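# What the coordinates show
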Amino acid sequence: MNTAIITVILTLCKLALIFGVVLSMAAYLVLAERKLLGRMQLRYGPNRIGPGGMIQPLCDVIKLITKEDFIPERADKWLFLFAPGLTALTALLSFAVVPFAPPVTLFGQELPMVVCDLNIGLLYLLGLSSLGVYGVVLGGWASNSKYSLLGAMRSLGQLLSYELAMGLALIPVVLSAKSFSITEIVMSQATLPNLVKHPLAFLIFMISVAAESKRTPFDMPEAENEIVGGFHTEYSGMRFGLFFVGEYINLIVIGAMVTVLFLGGWHGPLLPPVAWFLIKVLFVAFVFIWARGSMPRPRYDQLMRFGWTVMIPIGVINILLTAAVLLAINS
Amino acid sequence: MTLWRDIKGTLQPFWITLGYLFQKPVTIQYPEVKRTPPPRYRARIVLTRDPDGGERCVACHLCSGACPVDCISMQAAEDADGRRYAAWFRINFSRCIFCGLCAEACPTLAIQMTPDYEICNRDILNLVYEKEDLLIDGCGKDTQYNFYEHAGIGVANERGRNQDEYGPVDPKSLLP
């Protein structure tokens, strides 16, 4: 009884911690992205509100909340209201299986530093990241606007082209860790991160998650200069804000995914495990921001062709090679 | 070879943006740092005086005719010596597009553009400049020019009283 209560309280604490950290990180990633992109284009980015623009996220939130929450006349009202929440929700839920530190012993219990250590955590992550696209597609469909529909269609096309390659890139990781549990996968990287063991899989995975995050260079669903705002054309105020925040939470989720699956999770010398985890996540986020500042946008048929004719064959070959090498080592 | 070109083309922009990341931005931080616009910059419009201190404007309406947004209005008046001037002169800066056509049209160099660009205001009515707001104590860009030295004011007699001259027409009663 007593241990059950402690478990519940600790789980709630972990939930609150993750919510707080992820949401504030998402808010400040927006600022970091604007400032970094600005510096890459030889300008400063927001630096007016607070020291160095540090209060900018708060002002953005106030602006978004006080704006009119407009619903188009012929929109499918309930789906329209529901879609942005779905995007933000799926992104937040993904964090449940991401371990951010090794288990610690607290109050005589071994406490895993993850909300829920599923034994199929990897599938859970993949499933939620695919569900995230529903927010986009439903929002685009419900808006009843041609640009939104085009954006939604593009995001589905994109899903079809990157999702398979992403799954294929993760199989070598599972093969070498012999488990679908994210904690096990991190444990298996104690000596050598998967980045070194499976460089090809890492490359495919990075390209796939870049496509999954719907950010430049793969922001075809919202390509501003072709289809206005894509799936969020008709959204305004805080509903647009939810899409926006969802995108940045997604960025953190992707950073966490790359970190736990390829960069060795919390493993690292000197610094405490949580610090290593955060550093790695932020570094991956920086790489994506950097890519946004550097890359042009391909057409979405180009992405589809690349996904189906390059990434998937390479992914399959990579799996066969990894399996052969592992078989040779084990026998 | 195409593959090599593609890989190079993908990686090069990353290197370039990383280089820019550590350079000093070119932005001028406006309220703290103000750049001096060039002397012929077109911003706030002024009415200048000639070297003797008299108003240059002869209220010929050419500026308001040239104005593409019709932001200049005035009423002409005449001194006892026949020298014309503007009874009132008004520029609505909330409409003005600072194209400078009025300054080009002005035959007496009265209306001129200045580089003072900081005239924005919270109340739109404060942007309607009257003659006393526009008139400055100076010659502006040309310190020598005096229109009446070229054109002259003096006429021998009152209007319509000279030889070979009809009396002025009264437009209000120009009935057939």
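Residues numbered from 1 in each chain as written. Chains lettered and ligands numbered in written order. Predicted model: local features only at pLDDT ≥ 70, side-chain atom pairs only at ≥ 80, totals over all residues.

## Description of the overall build of chain B
- Assigned secondary structure in chain B consists of five helices and five strands.
- Relative to the 2.2 N^0.38 estimate, which gives 16 Å for 176 residues, the radius of gyration of chain B is 26 Å and therefore markedly larger than a compact globule would have.
- C-alpha atoms of chain B, sized along the principal axes, occupy 95 × 40 × 35 Å.
- Taken across its 176 residues, chain B has 16% of its residues classed as buried.
- In chain B, of all internal contacts separated by at least 6 residues, the share reaching a separation of at least 24 is 73%. (Helix = DSSP H or I, 4+ residues; strand = E, 2+ residues; numbered from the N terminus. Rg over C-alpha atoms; globule rule 2.2 N^0.38 Å. Buried ≥ 20, exposed ≤ 12 C-beta atoms within 10 Å, placed from the backbone. Contact = placed C-beta atoms within 7 Å.)

## Quick notes on the overall build of chain A
- Scanning chain A from terminus to terminus reveals 12 helices and two strands.
- Sequence-ordered secondary structure for chain A, helices as α and strands as β, is α-α-α-β-β-α-α-α-α-α-α-α-α-α.
- Over its C-alpha atoms chain A spans a radius of gyration of 21 Å, differing by no more than 12% from the 20 Å that the globule rule assigns to 331 residues.
- The long-range share in chain A, meaning contacts at least 24 apart out of those at least 6 apart in sequence, stands at 77%.

## Some details on the nonpolar core
- Core analysis: the biggest nonpolar cluster contains 77 residues, and F205, I249, I252 and M257 of chain A have the highest contact counts within it.
- The greatest single-element share of this core, amounting to 16 residues, is contributed by helix α10 (residues 237–261) of chain A.
- In contact with I249 of chain A, not counting residues within four places along its chain, are V22, A26, A88, A91 and L92 of chain A.
- Of all hydrophobic cores here, the second largest spans 22 residues; its members include I45, C71, C106 and A110 of chain B. (Core = buried A, V, L, I, M, F, W, Y, C linked by C-beta atoms within 7 Å.)

## Digging into the interface of chain B and chain A
- Each partner contributes to the interface: chain B provides nine residues, whereas chain A provides 10 residues.
- In terms of residue class, the side of chain B that touches chain A is made up of six nonpolar, three polar and no charged. (Nonpolar A, V, L, I, M, F, W, Y, C, P; charged D, E, K, R; others polar.)

## Points about unusual backbone geometry
All names here are of chain A.
- Backbone geometry at L42 places phi at a positive 60 degrees, although glycine is not the residue there.
- Position of L42 among the secondary structure elements: in the loop between α1 (2–40) and α2 (56–66).
- Taking the C-beta count within 10 Å as the criterion, L42 has 13 such neighbours and is therefore assigned partly exposed.

## Some remarks on the environment of W290 of chain A
- Its location among the elements puts W290 of chain A in helix α11 (residues 273–294).
- You can call W290 of chain A partly exposed: it has 18 C-beta atoms within 10 Å.
- For the pair W290 of chain A and L36 of chain A, spaced 254 residues apart in sequence, the C-alpha to C-alpha distance is 7.9 Å.
- Every residue in contact with W290 of chain A, bar those within four places of it in the chain, is listed here: F14 and T17 of chain B.

## What to know about the packing of helix α3 (residues 77–93) of chain A against helix α4 (residues 121–142) of chain A
Residue and element names in this part refer to chain A.
- Their axes nearest at 8 Å, the elements α3 and α4 cross at an angle of 165 degrees. Comparing the axis directions of α3 and α4 gives the class roughly antiparallel. As α3 runs across α4, the sense of the crossing is left-handed. Residues L79, F80, F82, A83, P84, L86, T87, T90, A91 and L93 of α3 touch α4, and the partners they reach there are L128, L131, G132, Y134, G135, V136, L138, G139, W141 and A142.
- In terms of residue class, the contact of α3 with α4 is built from 15 nonpolar, five polar and no charged. (Axes fitted to C-alpha atoms, helices over the stretch in contact; angles between N-to-C directions. Parallel < 35°, antiparallel > 145°, perpendicular 65-115°, else oblique. Left-handed = near helix turned anticlockwise from the far one by under 90°.)

## Things to note about α1 of chain A
- Taking 1.5 Å per residue as the helical rise, α1 of chain A with its 39 residues ought to reach 57 Å, and the 55 Å between its terminal C-alpha atoms agrees with that figure.
- On its buried side, α1 of chain A packs onto α3, α10 and α11 of chain A together with α1 (2–21) of chain B.
- Positive phi shows up at L42 of chain A, right after α1 of chain A, with a value of about 60 degrees. (Expected span 1.5 Å × (residues − 1).)

## Quick word on α11 of chain A
- Taking 1.5 Å of rise per residue, the 22 residues of α11 of chain A would be expected to cover 32 Å, and the 31 Å separating its terminal C-alpha atoms lies within 8% of that figure.
- If you check which residues of α11 of chain A are buried, you get W276, F277, K280, V281, V284, A285, F288, I289, G293 and S294 of chain A.

## Observations regarding the sheet that holds strand β5 (residues 128–129) of chain B
Residue and element names in this part refer to chain B.
- The strand order β2-β3-β5 describes an open sheet built from three strands, whose pairing is antiparallel. Edge positions in the open sheet fall to β2 (72–78) and β5, since each of these has one partner strand only.
- One ladder, built from two bridges, connects strand β3 (residues 84–92) with β5; its direction is antiparallel. Of the residues in β5, the one forming a bridge with I91 is Y129. (Pairing = 2+ DSSP bridges.)

## Some remarks on the pairing of β2 of chain B
Residue and element names in this part refer to chain B.
- As judged from the seven bridges shared by β2 and β3, these two strands associate in the antiparallel manner. Among the inter-strand pairings, A77 is bridged to a residue of β3, identified as Y85.
- Connecting the antiparallel pair β2 and β3 is a turn made up of five residues, with G82 showing a positive phi of about 85 degrees.

## Re the environment of Q41 of chain A
- One can find Q41 of chain A in the loop between α1 and α2.
- Each C-alpha atom, one on Q41 of chain A and one on G293 of chain A, is 8.0 Å from the other, the two residues being 252 residues apart in sequence.

## Quick notes on the environment of A75 of chain A
Residue and element names in this part refer to chain A.
- Position of A75 among the secondary structure elements: in the loop between α2 and α3.
- Residue A75 is classed as partly exposed on the basis of its C-beta count, with 19 C-beta atoms lying within 10 Å.
- In this structure, the C-alpha to C-alpha distance between A75 and P112, residues 37 residues apart in sequence, is 45 Å.
- The contacts of A75, once residues within four sequence positions are left out, are F80, A142, S143, N144 and E234.

## Let's talk about the confidence of the model for chain B
- With 90% of its residues at a pLDDT of at least 70, chain B reaches an overall mean of 85.
- Interface confidence in the predicted complex, given as ipTM, is 0.75; pTM for the same model is 0.77. (pLDDT = per-residue confidence, 0-100.)

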